[in-house]
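The chain contents come next:
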Amino acid sequence: MSPVDAFLSRGKAASGAFPAASTALIHVTWDASPDLEQFLGFINAYARGRFSNNVAERVTLASTELLDNAVRYGSLARDFTYRLAVDGQRVAVSMQNTTVTTRIEMLSAQLKRLELAPDQVYSSELERSMSTGPSSGRRSMLGLARIRHEAEMRIELEVDGNDVTVRAICSR
């Protein structure tokens, strides 16, 4: 069994449409925190073999930030679903997990703010992160701002009860 197959066998791999009428390239669900470093290494290698360098870098950045957010801010059930899909000329990276209502409301407000002023939010979150440091315990939205600003990806939020899906989309 290859290292990739061994890694994927620890999750519940599935295939199917995502988003609607698209082709799921990777669809993995874990019922515990995944080994992020190993999985992100796999995603990076897969993306570099499948897409241009530019798109591969964007997919890797979005995957890193979305997985990190799911592990840090998810709650209730500790299950995660990661999807990488293509739809014509679009690539979508998504992360689904379960969290509490207050975090969903905060995420929704942050995404609205990011949509209205992406450059301003990116600059202010980067400055805040540099001044407070990662160990400050303060939640920022730097990861989402990086996806929007550095990877130039559109971010979508889908909520179903306490299940949250954050999707980052770019052109190929």
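For the structure, check the block above.
Structural notes, computed from the coordinates. (Residues numbered from 1 in each chain as written. Predicted model: local features only at pLDDT ≥ 70, side-chain atom pairs only at ≥ 80, totals over all residues. Heavy atoms only, no water.)

Time to look at the side chain of Glu-65. Assignment of secondary structure puts Glu-65 in helix α3 (residues 53-73). Sequence-distant contacts of Glu-65, that is, excluding residues within four places in its chain, are made with Gly-143, Arg-146 and Ile-147. (Helix = DSSP H or I, 4+ residues; strand = E, 2+ residues; numbered from the N terminus. Contact = heavy atoms within 4.5 Å.)

All right, on to the pattern of salt bridges then. Here the structure, examined in full by the defined rule, presents 7 salt bridges. Among the salt bridges present, the one from Arg-72 reaches Asp-68, with a minimum N-O distance of 2.9 Å. With Arg-72 and Asp-68 both in helix α3 and 4 residues apart, this pair spans about one turn of that helix. Residue Arg-167 pairs with Glu-156 through a salt bridge whose shortest N-O separation is 3.1 Å. With Arg-167 in strand β6 (residues 163-171) and Glu-156 in strand β5 (residues 154-160), the pair connects residues that are 11 residues apart, well separated along the chain. Its relative accessible area of 26% is what places Glu-156 among the partly exposed residues. Connected via shared salt-bridge partners are Arg-154, Glu-156, Glu-158 and Arg-167. (Salt bridge = Lys/Arg side-chain N within 4 Å of Asp/Glu carboxyl O. Buried < 20%, exposed > 50% of the residue type's maximum accessible area, 1.4 Å probe, protein only.)

Quick look at the nonpolar core now. Counting residues in each nonpolar core, the largest one holds 42 residues, and the members touching the most others are Phe-51, Val-59, Tyr-82, Leu-84, Leu-144 and Ile-147. It is α3 that provides the largest number of residues to this core, a total of 8 residues. Setting aside residues up to four positions removed in sequence, Leu-84 forms contacts with Thr-23, Ala-24, Leu-25, Ile-26, Tyr-46, Phe-51, Val-59, Val-91, Ala-92 and Val-93. (Core = buried A, V, L, I, M, F, W, Y, C linked by side-chain atoms within 4.5 Å.)

Relative orientation of the contacting elements α3 and helix α6 (residues 142-149) amounts to 160 degrees, with a least axis distance of 9 Å. Compared by their axis directions, α3 and α6 come out roughly antiparallel. Like other packed secondary-structure pairs, α3 and α6 cross with a definite hand, here left-handed. Residues Leu-61, Ala-62, Glu-65, Leu-66 and Asn-69 of α3 form the contact with α6, whose participating residues are Gly-143, Leu-144, Arg-146 and Ile-147. Its residues placed into classes, the contact of α3 with α6 shows 5 nonpolar, 2 polar and 2 charged. (Axes fitted to C-alpha atoms, helices over the stretch in contact; angles between N-to-C directions. Parallel < 35°, antiparallel > 145°, perpendicular 65-115°, else oblique. Left-handed = near helix turned anticlockwise from the far one by under 90°. Nonpolar A, V, L, I, M, F, W, Y, C, P; charged D, E, K, R; others polar.)

Mapped onto the secondary structure, Val-164 falls in strand β6. Residue class for Val-164 comes out buried when judged on its relative accessible area of 3%. When near neighbours in sequence (up to four residues on either side) are disregarded, Val-164 contacts Met-95, Gln-96, Asn-97, Thr-99, Ile-104, Leu-107, Leu-157 and Glu-158.

Another point: the pairing of β6. Consecutive residues of a regular strand have side chains that alternate between opposite faces of the sheet. By the criterion of burial, β6 is predominantly enclosed, with 7 of the 9 residues buried. Bridge count between strand β4 (residues 90-98) and β6: 9 bridges; the pairing is antiparallel. For Gln-96, the partnering residue across the bridge sits in β6 and is Thr-165. Where β5 hands over to β6, the hairpin turn is made up of 2 residues, of which Gly-161 adopts a positive phi near 65 degrees. (Pairing = 2+ DSSP bridges.)

Nothing here speaks to function; it is geometry throughout.
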